[in-house]
Amino acid sequence: MGKRVLLFPLPYQGHINPMLELAALLHSRGFSITIFHATFNPIDSTKYPSYRFILVEDGEIANRFTSAVEDTVHRIIAWNNSCEQLFYDCLTSVLSDKNEEPNACLILDMHWYNLQYLANRLGVPTLVLRTGSAATLNWCRTYAQLVQKGIIPVQESQSSMLVTELALAPLRMGDLLRVGNCSHEVLSDLYTHEMDAIRTSSGVIVNTFDAIDSTEVEKFQKAIPVPVFCIGPLHKFTPPARSSLLIPDCSCLEWLDTQVVGSVLYVSFGSLACMNYEEFIETAWGLAKSEQPFIWVVRPGSILGKDAVDLPDGFIEATSGHGKIISWAPQHEVLAHAAVGAFWTHNGWNSTLEAICEGVPMICKPQFSDQMGNARYVTHVWKVGIKLEGKLERGMIEKAIKRLMTEDEGAEIRQRMRTLKHEASLCIKSDGSSSVNIDKLVNFISSF
Ligand code: UDX
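Residues numbered from 1 in each chain as written. Predicted model: local features only at pLDDT ≥ 70, side-chain atom pairs only at ≥ 80, totals over all residues. Heavy atoms only, no water.

S.K.: Quick question: what am I supposed to make of the site of the ligand here?
M.R.: Looking at the ligand, there are 22 residues lining it, with S271, A329, S351, E354 and Q371 nearest. N17 is positioned such that a nitrogen or oxygen atom in its side chain is 3.2 Å from an oxygen atom of the ligand. The fraction of the free accessible surface of the ligand (670 Å²) that becomes covered by protein chains is 96%. Elements with a minimum of two residues in the shell around the ligand: α1 (13-28), β8 (264-268) and α12 (349-358). Counted by class, the shell around the ligand contains 6 nonpolar, 14 polar and 2 charged residues. Structurally, the shell around the ligand is a two-domain feature, drawing no fewer than three residues from each of domain 1 (4-237 + 429-446) and domain 2 (251-426). (Near = heavy atom within 4 Å. Polar contact = N/O pair within 3.5 Å; in protein donor to acceptor, adjacent residues only side chain to side chain. Areas by Shrake-Rupley, 256 points an atom, 1.4 Å probe, with all protein chains shown as cover. Helix = DSSP H or I, 4+ residues; strand = E, 2+ residues; numbered from the N terminus. Nonpolar A, V, L, I, M, F, W, Y, C, P; charged D, E, K, R; others polar. Domains from an automatic or database assignment.)

The following block contains the structure:
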C-alpha cells in the first residue's frame, strides 16, 4: 500500500456517505485508509475490513441536543468546541505509530473547522470535503455579508424577490440558507469560522461536477484562492457507501419489478427532515388522490409527536395495491429502477445528485439548510423539476404529481432530465471532467 490518508466525516448520513465513497476511491488508487468516527452515528467498521477505524469518543455531547434541525447546528458547534483534545489524542497516536504507512494528509468534513486548526498546529496537510454543491459553498461564504447588509434575516414579504447582491442569482430571498429556528448570528459565526478554516487548508474537494457547478467554483476561488477539486458524483466512481444508519427495506425492489415502467413516484425526505402530523395526513391523501403508484419512506421519528406511522382511516384501502410505505429505502437502487418515474424529495444534495444521475425528475419540497437553494437550481436553472410552494395541502400535492407524471409539462421536464443525466454520465468517463480532477487530486495528495 502507498501513503495513508486519514478521513473524518461529520456523523450524519448525508456527510458519511460521500466521505466513505471518497475513501473507497482513494483506496482504489493505492492509498491506505484510516477513518475517524464519532460515538454519535458510528460507522459499522466490519463493512470495511481493509480500513483502520478510530473512534473519537465524543461522550455525551451529542445527547445534550434534541432532534430539531436547529440542534444539528448547535451540536456541530459543541463538537468543535469540545472535541479538540480528544481528536488531538487520536491524531497524534496515529501519527506516531511506526507500524503505519507514512501519512499523506487529513481530509475533514467542512464542518470540522476547529480540527482544521489543530491539524495545522501539528503540521498535518489537510483537505476539506464539501458534501454539498459549489453553489452552496458560495452561499455559506457570503452569509455573514448578507447579515451585515441587512438582507438576512429575510423579511417574509421579500421571500420571492431575487437576491441581487453578491452574485447569488438565481437565488430568491426565500432560498437563502436557514436552519429551523437557528439564529442568524449563530449561523453567521459558524460559516465565518468554516471559511476562515478553509483559507488555511490545502484545498477543497466538492461532490459535484463541472457541467453544473464550474461557474460557482470560479466565484469561490476568486474569493478564497485554494485549489478546488470537483470529483462528483462520488457514488458513481465507487460502489455506494455501505454505511446506512437504518436498515434498508429491499422488498420494495421486488414490488417495483411488478410496476409499469416510469409509473412510480418515490417519496423520501432524507435522513433529518421531519413533518408535523397535519402535513403527514395531507401527504398521505395527496398521494392517494393522485392514483399514481408510490413508495413512501417514513423514517422512524420523522413525524413530529408520533412514535408510530399513524395512517388516516381509509388510506390503506384507498391505496391498496399501488402504494408502499417503508421506513428506509435502498435509495440508489430505487432511483435506478426502470419503474420509478419521479422523486418527491427534500433536495438534500446527495438525493439531488442521485436523482440527476438516474435521470429521475423531481417534485421539490425543501426544508432547511442548502435544500431551498438546491431546489431553486432544480426548478429554475436545470428545469428538471417542479416545486411545492407554501403549506402542504392534498389538492396541491395531487396536482403536482399529475403535472409531473402524466401531463405534457412533465414530458418536457423528463426530456431535460435525460440531457442532464447524459452530462453527468460524461463527467465520469475516463476523459470526463471529474475523472480528470480525480487524477489531479490523487497526484496532489501523493505530493504531500
Ligand atoms: C442533509 C442536507 O440536506 C444535505 O444537503 C447536506 O449536504 C447533508 O445534510 P440528508 O437529509 O441526509 O442531508 O439528505 P441527503 O443529502 O439527500 O442524503 C441522504 C442520503 O441518505 C442519500 O445518500 C440517500 O441515498 C440516503 N437515503 C435516504 C437512503 O439510502 N435511503 C432513504 O430511504 C433515504
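From this point, the narrative continues.
S.K.: In this structure, what is going on with the sheet that holds strand β12 (residues 362-364)? I would like to understand it.
M.R.: What links the strands of a sheet is backbone hydrogen bonding, and the strands pair in either a parallel or an antiparallel sense. Taking strand neighbours across the sheet as the criterion, the 6 strands line up as β10-β9-β8-β11-β12-β13 in an open arrangement whose pairing is parallel. The open sheet is flanked by β10 (323-326) and β13 (385-387), the only strands paired with a single partner. Geometrically, the sheet is characterised by an average inter-axis angle of 15° between neighbouring strands, direction not taken into account. Looking at chain direction, strand β11 (residues 340-345) and β12 are connected through 3 bridges and run parallel. The residue bridging F343 from the neighbouring strand is M362, located in β12. Packed onto the sheet, helix α9 (residues 277-290) meets β8, β9 (294-297) and β11 and runs at close to 165° relative to β9. (Pairing = 2+ DSSP bridges. Axes fitted to C-alpha atoms, helices over the stretch in contact; angles between N-to-C directions. Contact = heavy atoms within 4.5 Å.)

S.K.: It is not clear to me how the sheet that holds strand β5 (residues 126-130) should be interpreted in this structure. Could you clarify?
M.R.: Reading across from one edge, β3-β2-β1-β4-β5-β6-β7 is the order of the 7 strands in this open sheet, with parallel pairing throughout. Edge strands, defined here as strands with exactly one partner in the open sheet, are β3 (52-56) and β7 (228-230). With direction set aside, neighbouring strand axes in the sheet form an average angle of 20°. Across 3 bridges, the pairing between strand β6 (residues 204-206) and β7 is parallel. In the sheet register, V206 faces β7, and the bridge partner there is C230. Across the sheet, α1 is in contact with β1 (4-8), β2 (32-38), β4 (103-109), β5 and β6; its angle to β4 comes to roughly 160°.

S.K.: What am I meant to see in the pattern of salt bridges here?
M.R.: Oppositely charged side chains may form a pair once their charged atoms are brought near each other. Going through the model one piece at a time under the given rule, you end up with 20 salt bridges. With a closest N to O distance of 2.6 Å, D439 and R29 form a salt bridge. Here D439 is found in helix α16 (residues 433-446), whereas its partner R29 is found in the loop between α1 and β2, with 410 residues between them in sequence. A residue is classified by how much of its surface remains accessible, and D439, at 34% relative accessible area, is partly exposed. (Salt bridge = Lys/Arg side-chain N within 4 Å of Asp/Glu carboxyl O. Buried < 20%, exposed > 50% of the residue type's maximum accessible area, 1.4 Å probe, protein only.)

S.K.: Could you clarify how one ought to interpret the side chain of E398 in this entry?
M.R.: Locating E398 in the fold gives a position in helix α14 (residues 394-405). Residue contacts for E398: discarding those within four places in its chain leaves G286, K289 and S290.

S.K.: When you look at the domain arrangement of the protein chain in this model, what are you seeing that I'm missing?
M.R.: For interface size, the figure often reported is the accessible area lost on association. Examined at the domain level, the protein chain breaks down into domain 1 (4-237 + 429-446) and domain 2 (251-426). Domain 1 and domain 2 are separated by 27 Å when their C-alpha centres are compared. Of the residues lining the interface, 35 residues belong to domain 1; the matching set on domain 2 comes to 28 residues. For the pair domain 1 and domain 2, the summed buried surface comes to about 2600 Å²; carbon and sulfur atoms form 62% of the total. Viewed at the interface, domain 2 and domain 1 are joined by 7 residue pairs in polar contact (both at pLDDT 80 or more). If you list the elements that add at least two residues to the side of domain 1 that touches domain 2, you get α1, α2 (69-82), α5 (134-148) and α7 (210-223). When grouped by side-chain class, the residues that make up the side of domain 1 that touches domain 2 number 15 nonpolar, 13 polar and 7 charged. (Buried area = accessible area lost by both parts, 1.4 Å probe.)

S.K.: Please clarify how unusual backbone geometry should be interpreted in this entry.
M.R.: Both trends apply: most residues other than glycine have a negative phi, and most peptide bonds are in trans. Residues I152 and P153 are joined by a peptide bond in cis, for which omega reads 0°. Mapped onto the elements of the fold, P153 is located in the loop between α5 and α6 (184-199). Residue P170 is reached from A169 by a cis peptide bond, and omega for that bond is 15°. Mapped onto the elements, P170 comes out in the loop between α5 and α6. Residue L166 is not a glycine yet carries a positive backbone phi of 60°. Topologically, L166 is positioned in the loop between α5 and α6. Taking the relative accessible area as the measure of exposure, L166 reaches 25% and is therefore partly exposed. A positive phi is found at S369, a non-glycine position, where the angle reads about 55°. Position of S369 relative to the elements: it lies in the loop between β12 and α13 (371-381).

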